[in-house]
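Listed below are the residues making up each chain.
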Amino acid sequence: LPQQKLLTWLSVLECVEVFAEMGTARVWGEMGRWTIIVLIQLAKAILRLLLLLWYKAGIQTSPPIVPLNREQQQPLHPQDMEDNSSGKDQTYVGRRSSRVVRSLQNTPSLQSRHWGSPQQREESQSRRAEEMNQPPTPLGLQETIAESIYITRPLLHLLSLGVWGQRSWKPWLLSAVLDISSLSLLSDLKDLNRRERAELRRRTILLLYYLLRSPFYDRYSEGRILLLLRLLADYVPGVGFVTRPLMDYLPAWQKIYFYNWG
C-alpha cells in the first residue's frame, strides 16, 4: 500500500508539472517558475529514490502507473453473465474444419463484442495480466547506480543551469553524459520483463530530444527543422495542416522546461 501511494503521487506530479510551471510563471513570474520547477523535480527524485532503494522497485517506467485500457477491461453485460453462469456453450467447433466459432445463442452485447474467438481473448487477457503482475527485475550494484543516475539527472541539470547559465553548453553536455552513462550501465541487464524493455527503448528514443534542446537547438537544429517543415507544408499535399501549426508551436514548446527536460 505505501508503495502504491508513492506511485500515485508520482503520477500526479507528472500529470500537473507542465500546468504548474505555466501557471506559476503567469502569477509569480520567472523566479516563481524556476522555484516550482526545482520543487517538483526534487519531489519526483525523492519519490523515485524511495521506490528504488527502499521498495526495490527496479527500473521505473513512465508513467509510473500504467493507464487502464478500458477496451480490455470491459465488464460483461448482465445477459452475458447469466449465459456464463448457466453453463451454456459459447462456441461451436466445426466437424470438418475444426474451426471455432461463437454460438449465435451466446453472442455478447454490442458493447462487449469482439472479433476474436473467446479462447483467444481469454489467452490474451491472461497473458497481459501475467505481464502486468511480473515482479521487477532485481538490480545489482551497477544497475542501481545507473538508475540512480537517471533519477538524479534532472537535479544535476538544474544545478548546472544555476551555476553556468541557460546559454552555456555545460548543462547540455552534463545531462547527455548522464543519460548515456545510465543507459550503458543498464544495457548489461538480461531477462527483463516486457515493461522494462519498453522503458529502456523509450529512454533510448528520448535521446533524440537533445537535438531539440537549447543551446543545440538554437544554434544548429532550429533552422534545419523549420526549413524541413516548410518544405513539407509547401510541396506535400495535406501535410501543411500538421506542419504549419507545429512551426508556430515550436517557440512556445521551447520555453516550457518540463516539455524539454522533464
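Residues numbered from 1 in each chain as written. Predicted model: local features only at pLDDT ≥ 70, side-chain atom pairs only at ≥ 80, totals over all residues. Heavy atoms only, no water.

Per an unreviewed UniProt entry, the protein is named Peroxisomal membrane protein PEX16, and its organism is Stercorarius parasiticus. Check the Subcellular location (unreviewed entry) section of the UniProt entry for the protein; it says "Peroxisome membrane". (UniProt positions renumbered as here; feature names shortened; annotations may be inferred.)

(A) Here's a closer look at the pattern of salt bridges. On inspection of all chains with the given rule, the structure shows nine salt bridges. The partner of glutamate 30 in a salt bridge is arginine 33, with the nearest N and O atoms 2.6 Å apart. Note that glutamate 30 and arginine 33 are positioned in helix H1 (residues 2-54) at a spacing of three residues, about one turn of the helix. Residue arginine 33 is classed as buried on the basis of its relative accessible area of 9%. Arginine 244 serves as the salt-bridge partner of aspartate 234, at 3.5 Å between the closest nitrogen and oxygen. Of this pair, aspartate 234 sits in helix H7 (residues 216-235) while arginine 244 sits in helix H8 (residues 240-255); the two residues are ten residues apart in sequence, bridging distant segments of the chain. Linked through salt bridges whose partners overlap, the residues forming this network are Glu147, Glu199, Arg202 and Arg203. (Salt bridge = Lys/Arg side-chain N within 4 Å of Asp/Glu carboxyl O. Helix = DSSP H or I, 4+ residues; strand = E, 2+ residues; numbered from the N terminus. Buried < 20%, exposed > 50% of the residue type's maximum accessible area, 1.4 Å probe, protein only.)

(B) Inspection of H7 at higher detail. In this model, H7 (20 residues) spans 28 Å end to end at C-alpha, consistent with the 28 Å of a helix rising 1.5 Å per residue. The largest bend in H7 amounts to roughly 45 degrees and is located at glutamate 222. If you check which residues of H7 are buried, you get Tyr217, Ser221, Leu226, Leu229 and Ala233. On its buried face, H7 is in contact with H8. (Expected span 1.5 Å × (residues − 1). Bend = angle between axes of the 7 residues up to and from the residue. Contact = heavy atoms within 4.5 Å.)

(C) Region of interest: the environment of proline 154. Tracing the backbone shows proline 154 in helix H4 (residues 141-164). Of the residues examined, proline 154 reaches a relative accessible area of 10% and is grouped as buried. Measuring from C-alpha to C-alpha, the distance between proline 154 and tryptophan 261 comes to 7.4 Å, with 107 residues separating the pair along the chain. With residues up to four places along the chain from it excluded, the contact list for proline 154 reads Gln41 and Tyr257.

(D) Looking closely at the side chain of serine 11. Note that serine 11 resides in helix H1. Those residues in contact with serine 11, other than ones at most four positions away along the chain, are Pro64 and Ile65.

(E) How the structure looks around unusual backbone geometry. Cis geometry marks the peptide bond from serine 62 to proline 63, where omega comes out at 0 degrees. With respect to the secondary-structure elements, proline 63 resides in the loop between H1 and helix H2 (78-86). The amide bond that connects serine 214 to the next residue, proline 215, takes the cis arrangement and shows omega of 5 degrees. You will see that lysine 56, though not glycine, has its phi angle at about 55 degrees, which is positive. Mapped onto the secondary structure, lysine 56 falls in the loop between H1 and H2.

(F) Expanded view of the nonpolar core. With 14 residues, the main nonpolar core has Trp34, Ile37, Leu158, Tyr257 and Phe258 as its most contacted residues. Elements with a contribution of two residues or more to this core: H1, H4, helix H5 (170-186) and helix H9 (257-260). It is H1 that provides the largest number of residues to this core, a total of five residues. Residues within four places of tyrosine 257 in sequence aside, it is in contact with Glu21, Arg33, Trp34, Ile37, Gln41, Pro154, His157, Leu158, Leu161 and Gly262. (Core = buried A, V, L, I, M, F, W, Y, C linked by side-chain atoms within 4.5 Å.)

(G) Examining a nonpolar patch on the surface more closely. Residues Leu227, Leu228, Leu231, Leu232, Tyr235 and Val236 make up a contiguous nonpolar surface patch of about 570 Å² in total accessible area. One can find leucine 227 in helix H7. Looking at leucine 227, the relative accessible area reads 46%, which means it is partly exposed. (Patch = residues over 30% accessible without salt bridge, like charges linked within 9 Å, V, L, I, M, F, W, Y side chains within 5 Å. Areas by Shrake-Rupley, 256 points an atom, 1.4 Å probe, with all protein chains shown as cover.)

(H) Main features of the packing of aromatic side chains. Evaluation of the coordinates by the stated rule reveals eleven aromatic pairs. Aromatic pair tryptophan 169 and tyrosine 220: ring centres 6.1 Å apart, planes at 55 degrees, arrangement tilted. Taken together, the residues tryptophan 169 in the loop between H4 and H5 and tyrosine 220 in helix H7 connect sequence positions 51 residues apart. Feature note: the residues Trp169, Trp172, Tyr210, Phe216, Tyr220 and Trp261 constitute an aromatic cluster, connected by ring pairs. Lying over the aromatic face of tyrosine 150, arginine 203 brings its terminal NZ or CZ to 3.7 Å of the ring centre. Lying across the ring of tryptophan 261, arginine 213 places its NZ or CZ 4.4 Å from the centre. (Phe/Tyr/Trp six-rings, centres within 6.5 Å; stacked < 30°, edge-to-face > 60°. Lys NZ or Arg CZ within 6 Å of the ring centre and 35° of its normal.)

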